[in-house]
Amino acid sequence: MQTNFSKEQLKDKSNISSEKILRKCVHCGFCNATCPTYHLLGDELDGPRGRIYLIKDMLEKNKPANEKIVKHIDRCLSCYSCMTTCPSGVNYMHLIDHGRRHIEKTYKRSFKDRFARGFLSLALSKSINFKIIAILTQFIKPLRFFFPKSIRETIAFMPKKFPKKTLPSMNIYPATNKKKAVARVALLTGCVQKVISPQINESTIRLLNRHGIEVVVLKGIECCGSLNHHLGKEDLANQTFKKNISIWYDEYLNNGLDAIISNTSGCGTTLKDYGFIFRSDKELKKKAKKISELTKDISEYLEENIKLNFIKKKQNEKQYKIAYHSACSMQHGQNVHHAPINLIKKTGNEVFDIPDGHLCCGSAGTYNLLQKDIAKKLLNNKILNIKKIKPQFIATGNIGCITQIASGTIIPILHTVEIIDWYTGGPRPEVLKKI
Ligand code: SF4
Ligand code: SF4
């Protein structure tokens, strides 16, 4: 694609990288075929190619975003299905991130919109904020009809009670069954996940410790920053990125880290992008690159590094039919698809890909709260496809997908790591009580 940035514009690092991305696009439109919003809405501007043109025009002309551009960019899920499909290697993720930052700088959203996005940023980026707001929202639930739609959805989403933790909060979880740990990893425990589904981190820690790995949970690290990053709130996201990079890098230098483990694929995708985000920052460039290199999804880490001991399989547990939902951030964002499936297959159960599995379930961070109607249609399609498999339960590797899919079906849904933990000596997951 021909581009028309001026020399002056090309002094800006974001324009330099967006120009390179745009030049790779050959307008073929293959990406439209796998774009969930293009599928549903049928408008060229709701597909990747159309959005690329909108962003190109806005950036090249350095013009402020307008209502039309914002509408179509906001409807993008950032699912990156288009990147998997694109034969030219167009990095749509970096382009839309730039587009979103430009929108945030040049477009004044309505008060309702700003309020909703500010509320989500405050409520979901820190576990303590989430807990406090969840408690407070119980009192205002009867009044929720006076709030804008997205706030109503957020209020409805807030849990009434929090599941109990079964592991104490510690900074270091030492390896068990081994005199000396075979590896040492840091775990990103996340913000909302650790409040609504603490069993995911607990399964991860137990499983790693049982296989001789020491797990450290570093103080000061909670959110990966992706929530604000995708809302276009660059300053807030950067504050989080910088803090995380410096805490993890110090630990890597002082005590050694073999990996940084993410068990939420949305967060893992962002951690793996820190290197790109700070590519021109003299002070952080090297550190950010190292953090990205160290980051592994838990399924990737287990598959590549650990000889798992499947005790339950040896004891001839009942065989289950499992539908595997590959989160967009896992399959398209991180290009990790086979590792979780291979791991689950090793438990001796039957694992099936969901038909049209490349299409998003509608979760996409805060998308299901900000774009409720599209998200609902995507969820309904996902549930119909899951039902075709007739699974006893569903497995996936992202808390957002777990919450979204669980809101549309009574079929139990588990994180992949809960299944692996269970089959290697951990407890049977609570959600399977009834089957
Ligand atoms: S598939 Fe790739 S090259 Fe073709 S239009 Fe889409 S982004 Fe451009
Ligand atoms: S990221 Fe997803 S929703 Fe956005 S343009 Fe690409 S395929 Fe479509």
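Residues numbered from 1 in each chain as written. Chains lettered and ligands numbered in written order. Predicted model: local features only at pLDDT ≥ 70, side-chain atom pairs only at ≥ 80, totals over all residues. Heavy atoms only, no water.

**A closer look at the overall build of the protein**
Phase 1 of the analysis: A count of helices and strands for the protein gives 24 helices and 9 strands.
Phase 2 of the analysis: Looking at the protein as shown, the accessible area adds up to about 19,900 Å², and 54% of this sits on carbon and sulfur atoms.
Phase 3 of the analysis: Across the protein, the 70 positively charged side chains and the 38 negatively charged ones have centroids separated by 4 Å. (Helix = DSSP H or I, 4+ residues; strand = E, 2+ residues; numbered from the N terminus. Areas by Shrake-Rupley, 256 points an atom, 1.4 Å probe, with all protein chains shown as cover. Lys, Arg positive; Asp, Glu negative; His and termini not counted. Charge placed at Lys NZ, Arg CZ, Asp CG, Glu CD.)

**Notes on the site of ligand 1**
Phase 1 of the analysis: Lining the immediate surroundings of ligand 1 are 13 residues, of which C25, C28, G29, C31 and C86 lie closest.
Phase 2 of the analysis: Judged by the proximity of its atoms to the pocket grid, ligand 1 belongs to the largest cavity.
Phase 3 of the analysis: Each residue belonging to the shell around ligand 1 can be placed in one class, and the counts come to 9 nonpolar, 3 polar and 1 charged. (Near = heavy atom within 4 Å. 1 Å grid on protein atoms, 1.4 Å probe; cavity = no way out; pocket = protein on both sides within 12 Å on 5 of 7 lines; lining within 4 Å. Sits in = over half its atoms within 2 Å of the grid points. Nonpolar A, V, L, I, M, F, W, Y, C, P; charged D, E, K, R; others polar.)

**Topic: the pairing of strand β4 (residues 259-262)**
Regular strands place their side chains on alternate faces of the sheet.
Phase 1 of the analysis: Neither face of β4 is left uncovered, since the one carrying A259 and I261 and the one carrying I260 and S262 both have all their residues buried.
Phase 2 of the analysis: Pairing of strand β2 (residues 183-188) with β4 involves 4 bridges; the strand directions are parallel. Bridge assignment links L187 to a residue of β4, and that residue is I261. (Buried < 20%, exposed > 50% of the residue type's maximum accessible area, 1.4 Å probe, protein only. Pairing = 2+ DSSP bridges.)

**Description of the sheet that holds strand β5 (residues 295-297)**
Phase 1 of the analysis: Within the open sheet, the 5 strands sit side by side as β1-β3-β2-β4-β5. Their pairing is mixed. The sheet terminates laterally at β1 (172-173) and β5, the two strands that pair on one side only.
Phase 2 of the analysis: Helix α11 (residues 198-210) contacts β1, β2, β3 (213-216) and β4 of the sheet and is inclined by roughly 145° relative to β3. (Contact = heavy atoms within 4.5 Å. Axes fitted to C-alpha atoms, helices over the stretch in contact; angles between N-to-C directions.)

**Here we look at a nonpolar patch on the surface**
Phase 1 of the analysis: Together, I128, I132, I135, L136 and F139 make up a nonpolar patch on the protein surface, roughly 530 Å² of accessible area in all.
Phase 2 of the analysis: You can see F139 is positioned in helix α8 (residues 127-140). (Patch = residues over 30% accessible without salt bridge, like charges linked within 9 Å, V, L, I, M, F, W, Y side chains within 5 Å. Salt bridge = Lys/Arg side-chain N within 4 Å of Asp/Glu carboxyl O.)

**A short note on the site of ligand 2**
Phase 1 of the analysis: The environment of ligand 2 is formed by 13 residues, the closest being C35, R51, C76, C79 and C82.
Phase 2 of the analysis: Structurally, ligand 2 is housed in the second largest cavity.
Phase 3 of the analysis: Looking at the shell around ligand 2, the elements that each hand over two or more residues are α2 (36-41), α3 (48-60) and α5 (81-85).
Phase 4 of the analysis: A per-class count over the shell around ligand 2 returns 9 nonpolar, 3 polar and 1 charged.

**Digging into unusual backbone geometry**
Phase 1 of the analysis: Phi is positive for N62, which is not a glycine, with a value near 45°.
Phase 2 of the analysis: Of note, N62 is situated in the loop between α3 and α4 (67-74).
Phase 3 of the analysis: Classification of N62 by relative accessible area gives exposed; the value is 55%.
Phase 4 of the analysis: Even without being glycine, Y80 reaches a positive phi, approximately 65°.
Phase 5 of the analysis: Inspection of the secondary structure puts Y80 in the loop between α4 and α5.

**Structural notes on the packing of α11 against helix α17 (residues 298-305)**
Phase 1 of the analysis: Between α11 and α17, whose axes approach to 12 Å, the crossing angle comes to 15°. Relative to α17, the element α11 is oriented roughly parallel. Here the hand of the crossing between α11 and α17 comes out left-handed. Across from T204, L207 and L208 in α11, the residues of α17 making contact are I298, Y301 and L302.
Phase 2 of the analysis: Residues of the contact of α11 with α17, tallied by class, amount to 5 nonpolar, 1 polar and no charged. (Parallel < 35°, antiparallel > 145°, perpendicular 65-115°, else oblique. Left-handed = near helix turned anticlockwise from the far one by under 90°.)

**Some thoughts on the pattern of salt bridges**
Phase 1 of the analysis: This model, assessed by the stated rule, comprises 23 salt bridges.
Phase 2 of the analysis: One salt bridge connects R206 with D421, and the closest N-O pair in it is separated by 2.6 Å. Taken together, the residues span a long stretch of sequence, with R206 in helix α11 and D421 in helix α24 (residues 416-423) at a distance of 215 residues.
Phase 3 of the analysis: The exposure class of D421 is buried, given its relative accessible area of 1%.
Phase 4 of the analysis: Residue E300 is joined to K272 by a salt bridge in which the shortest nitrogen-to-oxygen separation is 2.8 Å. In this pair, E300 sits in helix α17 while K272 sits in the loop between α14 (265-271) and α15 (274-277), placing the two residues 28 residues apart along the sequence.
Phase 5 of the analysis: Overall, K272 belongs to the partly exposed group, its relative accessible area being 26%.

**Topic: the side chain of H415**
Phase 1 of the analysis: With respect to the element layout, H415 can be found in strand β9 (residues 413-415).
Phase 2 of the analysis: By relative accessible area, H415 is classed as buried at 1%.
Phase 3 of the analysis: At a separation of 2.6 Å, a polar atom in the side chain of H415 contacts the main-chain carbonyl oxygen of N263.
Phase 4 of the analysis: In this structure the side chain of H415 is engaged in a polar contact, spanning 3.0 Å, whose partner is the backbone nitrogen of V417. (Polar contact = N/O pair within 3.5 Å; in protein donor to acceptor, adjacent residues only side chain to side chain.)

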